[in-house]
Amino acid sequence: MLDHEQVAIHTGRRSRLPVIVAVHSTALGPAAGGLRLWHYPDWRAGFTDALRLSAAMTSKFAVAGLPSGGGKAVVALPEGMELDADRRRDILRDVADAIASLSGAYATGPDVGTSPDDMAVIGETTPHVFCRPAHLGGSGDSSPHTAQGTLAALRAVSRRLYGTSSLGGRSLAVIGLGRVGAGLARLLAAEGAVLTVTDIDPDEQKISDGLGAVWRSPDEILAADVDIVVPAALGSVLTRQTAADLRCRAVVGPANNQLATPDVADLLHQRDIIWVPDYVASAGGVIDAVSTELHRVSADEARARVRAIEDTVDALLDTAQRHGQTPAQAASELARRRLSAAVRPTGSP
Ligand code: PPY
């Protein structure tokens, strides 16, 4: 059964590429979620990704307690296609047209493969875009806030496991040194954490050297002997196999869609490994963007909302323990409760 309110798929008029906009739910408010510009084997794979990512955005907002719905846009690039500036602009205009045709049901933002400058191009066509550069009135790069939000989630887990929210002296393996992963690794290093890192791009080893981190290959890092593994790259890193190989006590990171299949959350729980759902740990970016651009709160208030991810994770871990559930079950029940409260007509039981 299609779980989504609407999914639009076009062949871009200019780019001739598949442009997919998935609006999962507007029960809590107009949908928001980033634009992913990424390579896929075919448009169907991009379509499937858009469905999963947009549903995760609904949960992300519901658990964060924000009145927004879940959506996502994906442009499925053929494998190996390089984008020059003209083609990139064509794609962004095609996406902007698709967003404009939804009349505010969906607003986009940055995601894997897109940046605030790309949001500026979309903003030439439609106002339904977050994170344009500050000089254009947007809140700019959301990745530092995503990193801060993940740090907040890590503090809650650290308190649960080790009795302290400080990550000093703790060993962590950060998978992926993109904007969020590298920012988070810097925050962790500044706090005195012992880091093991990796990236699919061997050039990123220079970031690792700068942080005094140990570099491991992407294949080896999941089984590293560390306290906490931090997925900060593309999704589906947690499979039945990798879950069996883990040697850490928790997995907490900003990558979206970390589980290859939902049952991996149960496997982790059976192995006594805490997994904080990705849509909880990664919410800092959207929390900041929506708070400052839609709700017009001060930067301080927006940061406080991002830091509150620590309390959210605390509460989820508590609930999960009390009910003998996984944190994933506790989070999805919380999301479900908030969504059904929103759609129930006033006065009905
Ligand atoms: C996500 O959190 O996964 C996003 O989609 C990023 C984002 C950031 C800001 C506004 C909308 C989406």
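Computed from a predicted model, the values in this text were never measured in an experiment.

### Some points on the domain arrangement of the protein chain
Part 1 of the reasoning: Each assigned domain of the protein chain is listed here: domain 1 (6-55 + 69-136) and domain 2 (143-282 + 311-335).
Part 2 of the reasoning: Taking only C-alpha atoms into account, the centre of domain 1 sits 27 Å from that of domain 2.
Part 3 of the reasoning: Listed as interface residues are 10 residues of domain 1 and, on the opposing side, 7 residues of domain 2.
Part 4 of the reasoning: Between domain 1 and domain 2, a total of about 580 Å² is buried, with carbon and sulfur atoms accounting for 41% of that surface.
Part 5 of the reasoning: Looking at the side of domain 1 facing domain 2, the largest losses of area belong to Trp38, Arg52 and Leu53, adding up to 59% of the total buried there.
Part 6 of the reasoning: Across the contact surface, domain 1 and domain 2 share 0 salt bridges.
Part 7 of the reasoning: Run the count over domain 1 and domain 2 and you get 2 residue pairs in polar contact (both at pLDDT 80 or more).
Part 8 of the reasoning: Listing elements by their share of the side of domain 1 that touches domain 2, those giving two or more residues are β4 (35-40) and α1 (43-64).
Part 9 of the reasoning: No other element matches α1, which puts 3 residues into the side of domain 1 that touches domain 2.
Part 10 of the reasoning: Looking at the side of domain 1 that touches domain 2, its residues break down into 3 nonpolar, 2 polar and 5 charged.

### A word on the packing of aromatic side chains
Part 1 of the reasoning: Counted by the stated rule, this structure contains 1 aromatic pair.
Part 2 of the reasoning: Geometrically, the ring pair formed by Trp43 and Phe47 is edge-to-face, given 6.2 Å between the ring centres and 80° between the ring planes. Here Trp43 and its partner Phe47 are both found in helix α1, 4 residues apart, which amounts to about one turn of the helix.
Part 3 of the reasoning: By relative accessible area, which is 37% here, Trp43 ends up partly exposed.
Part 4 of the reasoning: The side chain of Arg170 reaches across the aromatic face of Tyr162, ending 3.6 Å from its centre.

### A closer look at unusual backbone geometry
Part 1 of the reasoning: The phi torsion at Cys131 lies on the positive side, around 65°, for a residue other than glycine.
Part 2 of the reasoning: Inspection of the secondary structure puts Cys131 in the loop between α3 (116-123) and α4 (143-162).
Part 3 of the reasoning: On the basis of relative accessibility, which here comes to 2%, the residue Cys131 falls in the buried class.
Part 4 of the reasoning: Although it is not a glycine, Asn257 sits at a positive phi angle of roughly 50°.
Part 5 of the reasoning: Topologically, Asn257 is positioned in the loop between β11 (250-251) and α9 (264-270).

### A few points about the packing of helix α11 (residues 284-293) against helix α12 (residues 299-307)
Part 1 of the reasoning: Contact pair α11 / α12: the axes reach a minimum separation of 9 Å and the direction vectors enclose 150°. One finds that α11 runs roughly antiparallel with respect to α12. α12 is crossed by α11, and the crossing has right-handed handedness. Seen from α11, the contacting residues are Gly284, Ile287, Asp288, Ser291 and Thr292; seen from α12, they are Ala302, Arg305 and Val306.
Part 2 of the reasoning: When its residues are assigned to classes, the contact of α11 with α12 shows 3 nonpolar, 3 polar and 2 charged.

### Description of the layout of surface pockets
Part 1 of the reasoning: Roughly 1100 Å³ of internal volume is contained in the largest pocket.
Part 2 of the reasoning: Asp111, Val112, Arg179, Val180 and Ala232 are the residues nearest the centre of the largest pocket, which is lined by 47 residues in total.
Part 3 of the reasoning: Of all elements in the fold, only β4, α1, α4, α5 (179-190) and α11 reach the threshold of two or more residues within the lining of the largest pocket.
Part 4 of the reasoning: Looking at the lining of the largest pocket, the element that brings in the most residues is α11, giving 4 residues.
Part 5 of the reasoning: Across the lining of the largest pocket, the residue classes break down as 21 nonpolar, 17 polar and 9 charged.
Part 6 of the reasoning: For the lining of the largest pocket, the domains that each give at least three residues are domain 1 (6-55 + 69-136) and domain 2 (143-282 + 311-335).

What counts as what
- Residues numbered from 1 in each chain as written.
- Predicted model: local features only at pLDDT ≥ 70, side-chain atom pairs only at ≥ 80, totals over all residues.
- Heavy atoms only, no water.
- Domains from an automatic or database assignment.
- Contact = heavy atoms within 4.5 Å.
- Buried area = accessible area lost by both parts, 1.4 Å probe.
- Salt bridge = Lys/Arg side-chain N within 4 Å of Asp/Glu carboxyl O.
- Polar contact = N/O pair within 3.5 Å; in protein donor to acceptor, adjacent residues only side chain to side chain.
- Helix = DSSP H or I, 4+ residues; strand = E, 2+ residues; numbered from the N terminus.
- Nonpolar A, V, L, I, M, F, W, Y, C, P; charged D, E, K, R; others polar.
- Phe/Tyr/Trp six-rings, centres within 6.5 Å; stacked < 30°, edge-to-face > 60°.
- Buried < 20%, exposed > 50% of the residue type's maximum accessible area, 1.4 Å probe, protein only.
- Lys NZ or Arg CZ within 6 Å of the ring centre and 35° of its normal.
- Axes fitted to C-alpha atoms, helices over the stretch in contact; angles between N-to-C directions.
- Parallel < 35°, antiparallel > 145°, perpendicular 65-115°, else oblique.
- Left-handed = near helix turned anticlockwise from the far one by under 90°.
- 1 Å grid on protein atoms, 1.4 Å probe; cavity = no way out; pocket = protein on both sides within 12 Å on 5 of 7 lines; lining within 4 Å.
- Points joined across faces, edges and corners; volume = space filled by probe spheres on them.

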